[in-house]
Amino acid sequence: MASSKLQALWNHPAGPKTIHFWAPTFKWGLSIANIADFQKPPENISYLQQIAVTCTGKIWCRCSTVITPKNWNLFSVNVAMAATGIYQLTRKIKYDYVNEGEAAAENE
């Protein structure tokens, strides 16, 4: 049974013998790097970088479900990219605007 599932994966149009497998697999490195940046202070987060990560994730989520063959590895990595980008943007916005408002209220 396991052998037949491995054989099916190996021979899949988006399997390990194609770029459709390896490109999203290596793209996981970007999501992992973004997760590692969760420890980074919010003032060091770049709006442009995180907007690019988020938009890339959202756009390619859609594309990965429309193309043939359906590439669920590509879909999942782009969901992760969009989610981590949104989280980082939320951290940056809270730092820049919410904390700024709290500091102004304390000074009054």
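What counts as what
- Residues numbered from 1 in each chain as written.
- Predicted model: local features only at pLDDT ≥ 70, side-chain atom pairs only at ≥ 80, totals over all residues.
- Heavy atoms only, no water.
- Helix = DSSP H or I, 4+ residues; strand = E, 2+ residues; numbered from the N terminus.
- Buried < 20%, exposed > 50% of the residue type's maximum accessible area, 1.4 Å probe, protein only.
- Contact = heavy atoms within 4.5 Å.
- Lys, Arg positive; Asp, Glu negative; His and termini not counted.
- Charge placed at Lys NZ, Arg CZ, Asp CG, Glu CD.
- Patch = residues over 30% accessible without salt bridge, like charges linked within 9 Å, V, L, I, M, F, W, Y side chains within 5 Å.
- Areas by Shrake-Rupley, 256 points an atom, 1.4 Å probe, with all protein chains shown as cover.
- Salt bridge = Lys/Arg side-chain N within 4 Å of Asp/Glu carboxyl O.
- Expected span 1.5 Å × (residues − 1).
- Polar contact = N/O pair within 3.5 Å; in protein donor to acceptor, adjacent residues only side chain to side chain.

What follows is about the overall build of the protein chain. The number of helices and strands found in the protein chain is four helices and zero strands. Ordered by position in the sequence, the α and β elements of the protein chain form the string α-α-α-α. Expressed as lengths along the three principal axes of its C-alpha atoms, the size of the protein chain is roughly 70 × 25 × 20 Å. Out of the 108 residues in the protein chain, the part that is buried amounts to 27%. Of all intrachain contacts in the protein chain linking residues separated by at least 6 positions in sequence, the fraction that spans at least 24 positions is 73%. Between the mean site of the 10 positive side-chain charges and the mean site of the 7 negative ones, the protein chain shows a separation of 27 Å.

Right, let's talk about a nonpolar patch on the surface for a bit. Judged by side-chain polarity, Ile 19, Trp 22 and Phe 26 come together as a nonpolar surface patch covering roughly 380 Å² of accessible area. When you line up the elements, Trp 22 lands in helix 2 (residues 19-36).

To continue, consider the pattern of salt bridges. One pass over the structure, following the stated rule, counts two salt bridges. Between Asp 37 and Lys 40 there is a salt bridge, and its shortest N-O distance comes to 3.8 Å. Owing to a relative accessible area of 28%, Lys 40 belongs among the partly exposed residues under this scheme. Among the salt bridges present, the one from Asp 96 reaches Lys 92, with a minimum N-O distance of 3.7 Å. Taken together, the residues span about one helical turn, with Asp 96 and Lys 92 both in helix 4 (residues 72-107) at a distance of four residues.

Here the focus is helix 3 (residues 47-66). Across its 20 residues, helix 3 extends 29 Å between first and last C-alpha, which sits within 8% of the 28 Å expected from 1.5 Å per residue. Inspection of helix 3 places Gln 50, Val 53, Thr 54, Gly 57, Cys 61 and Ser 64 among the buried residues, and these make up the whole buried set. Residue Ser 46 occupies the N-cap position of helix 3, its side-chain oxygen lying 3.4 Å from the main-chain nitrogen of Leu 48.

Scope: geometric values only; no functional claims are made or implied.
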